[in-house]
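# Structural description and commentary
Now for the letters of each chain:
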Amino acid sequence: MARKARIHSNTGIYHVMLRGINRQDLFHEESDYLFFLKRLNLLVHPKNEKNEPAPSLCDIYAYCLMTNHVHLMLAPRERELSDVVKPLAISYARYYNTKYSRCGYLFQDRFKSEPVDDFNYVATLFRYIHQNPVKAGIVENVDDYPWSSWHDYLSDKGRVYIITETSFMLEQIGMDNLCSLVREPVDDDFSSLERVTPPTDQEVTEMLLEECHGMPIEKISSLPKQDREKILISVLQKGAGIRQLSKLTAVGFSIIRRLKNISDSPSP
């Protein structure tokens, strides 16, 4: 059976997950974590054949190295996602197998990825990634876990590698709000972030056609406001992304973002 094609992200940002095969541990001691961080650093600060600085392969906005899996939120630069992540996985597997005298696959299948199509999802994912050690019972507070990008946001002092592009999140939400977001105790079940795949453009098109009873979707933007908003809110609630919906319907991004806020608000 052919592999399912990866879904393109409208924002260029992806949630990438690497898991040990058969739930095997990936990290046993500090040097293992540090080697993986070294490889992440080379994605952001690569060197050419002359050991001179080369263009970055990606921007990394968040990461967390857990005992048997890794979470990354990143955006490739001028590369396919697999061109960034596969060499990372291969180099770590080679290091691990050599160090621990083993052979064979280290990671479960090919890496898993999900597109991150709007900022609401970015914020939720950012919190989820950094709360992983708390949810697992390893630490009580996100500040106490040494192997995540959260410390890049708190301070770069004492960090071996400065990997994370922090300005993106700080410009979007600010440090005070970011601290509140990340440190707030998690009562939610975020397992759906690893399970649910956002709908494709074709699937969203079919949702729109169903909502407007077969009317061409290019006419949605000219419908009366109340009718148009009813259709768009319904499709947003089914998982369509803001940029995705704006692209398909030619309705302005800011309008759909406002409708997204309405659709996410609890009913009175």
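Report follows, based on the coordinates. (Residues numbered from 1 in each chain as written. Predicted model: local features only at pLDDT ≥ 70, side-chain atom pairs only at ≥ 80, totals over all residues. Heavy atoms only, no water.)

### Thoughts on the overall build of the protein
Test applied: Under the scheme used here, helices are H or I runs from DSSP no shorter than 4 residues and strands are E runs no shorter than 2 residues, and both carry numbers assigned from the N terminus. Per-residue accessibility, obtained with a 1.4 Å probe over protein chains only, is compared with the maximum for each type, and a residue is labelled buried under 20%, exposed over 50%, and partly exposed between these values. Contacts were defined at the residue level, with two residues in contact if any of their heavy atoms lie within 4.5 Å. For every accessible area listed, the method is Shrake-Rupley and the probe measures 1.4 Å; residues are considered covered only by the protein chains on display.
When helices and strands are tallied, the protein shows ten helices and four strands. The buried share among the 268 residues of the protein stands at 47%. A separation threshold of at least 6 residues defines the contact pool for the protein, and within that pool the share at least 24 residues apart is 69%. Accessible area for the protein stands at about 14600 Å²; split by element, carbon and sulfur atoms hold 49% of it.

### Concerning the packing of aromatic side chains
To be explicit about the condition: Aromatic rings from Phe, Tyr and Trp, taking only the six-membered ring of Trp, are treated as a pair when their centres fall within 6.5 Å; an angle between ring planes under 30 degrees marks them as stacked, one over 60 as edge-to-face, and anything in between as tilted. For a lysine, the NZ atom is tested; for an arginine, the CZ atom; a charge sits over a ring if that atom is within 6 Å of the ring centre and within 35 degrees of the ring normal.
One pass over the full model with this rule turns up 14 aromatic pairs. Note on Phe 126 and Tyr 153: the rings are 5.1 Å apart at their centroids and 85 degrees apart in plane angle, and the pair reads as edge-to-face. Residue Phe 126 is found in helix 3 (residues 119-135), and its partner Tyr 153 is found in helix 4 (residues 150-154); the two are separated by 27 residues along the sequence. Judged by its relative accessible area of 0%, Phe 126 is buried. In textbook terms, an aromatic cluster arises when at least three aromatic residues are bridged by ring pairs, as seen for Phe 27, Tyr 33, Phe 35, Phe 36, Tyr 92, Tyr 95, Tyr 96, Tyr 100 and Trp 147. In this arrangement the basic side chain of Arg 243 is found over the ring face of Phe 253, its NZ or CZ atom lying 4.6 Å from the centre.

### Topic: the environment of Thr 200
Note on placement: Thr 200 falls in the loop between helix 6 (175-183) and helix 7 (201-211). Along the backbone, Thr 200 and Gly 239 are 39 residues apart, and their C-alpha atoms lie at a distance of 9.9 Å.

### Here's the deal with helix 7
The test is simple: Along the arc lie the directions from the helix axis toward the C-beta atoms.
Residues of helix 7 that are buried: Val 204, Thr 205, Met 207 and Leu 208. One face of helix 7 carries all of its buried residues, which in axial projection span an arc of 160 degrees. Those residues of helix 7 that are buried lie in contact with helix 8 (225-237) and helix 9 (242-249).

### Structural notes on helix 6
For helix 6, every residue scored as buried is listed here: Leu 178, Cys 179, Leu 181 and Val 182. Burial along helix 6 is one-sided: seen end-on, the buried residues are contained in an arc of 165 degrees. Its buried side turned inward, helix 6 meets helix 3, helix 4 and helix 5 (167-173).

### Thoughts on the packing of helix 1 (residues 30-44) against helix 2 (residues 81-99)
Packed helices, taken two at a time, are described by their axes: the angle between them and the distance between them. Cut-off, in case you're wondering: Only the stretch in contact is used when fitting a helix axis, every axis being a line fitted to C-alpha atoms; angles between N-to-C directions are given from 0 to 180 degrees. Every angle not falling under 35 degrees, over 145, or within 65 to 115 is termed oblique; those three ranges are roughly parallel, roughly antiparallel and roughly perpendicular. Crossing handedness: left-handed means the near helix sits turned counterclockwise from the far one by under a right angle, and right-handed means the same turn made clockwise.
Packing of helix 1 against helix 2 brings their axes to within 10 Å, and their N-to-C directions diverge by 150 degrees. Compared by their axis directions, helix 1 and helix 2 come out roughly antiparallel. The interaxial crossing formed by helix 1 with helix 2 has right-handed handedness. Contact residues: Ser 31, Asp 32, Phe 35, Phe 36, Arg 39, Leu 40 and Leu 43 in helix 1; Val 84, Leu 88, Ser 91, Tyr 92, Tyr 95 and Lys 99 in helix 2.

### Details of the sheet that holds strand 1 (residues 13-19)
What counts here: A strand pair is defined by DSSP finding two or more bridges across the two strands.
Pairing is antiparallel across the open sheet formed by four strands, whose spatial order is 2-3-1-4. Two strands lie at the open edges of the sheet, namely strand 2 (58-65) and strand 4 (112-116), each paired on one side alone. Ignoring strand direction, the axes of neighbouring strands in this sheet form an average angle of 20 degrees. As judged from the seven bridges shared by strand 2 and strand 3 (residues 69-76), these two strands associate in the antiparallel manner. Paired with Cys 64 across the two strands is His 71, which belongs to strand 3. Each of strand 1, strand 2 and strand 3 is contacted by helix 1, which is oriented at about 165 degrees to strand 2, the strand it contacts most.

### Thoughts on unusual backbone geometry
Backbone geometry at Asn 51 places phi at a positive 65 degrees, although glycine is not the residue there. With respect to the helices, strands and loops of the structure, Asn 51 is situated in the loop between helix 1 and strand 2. Phi at Ser 101 takes a positive value of approximately 50 degrees, unusual for a residue other than glycine. Structurally, the position occupied by Ser 101 is in the loop between helix 2 and strand 4.

Note that all results are geometric; they support no functional claim without further evidence.
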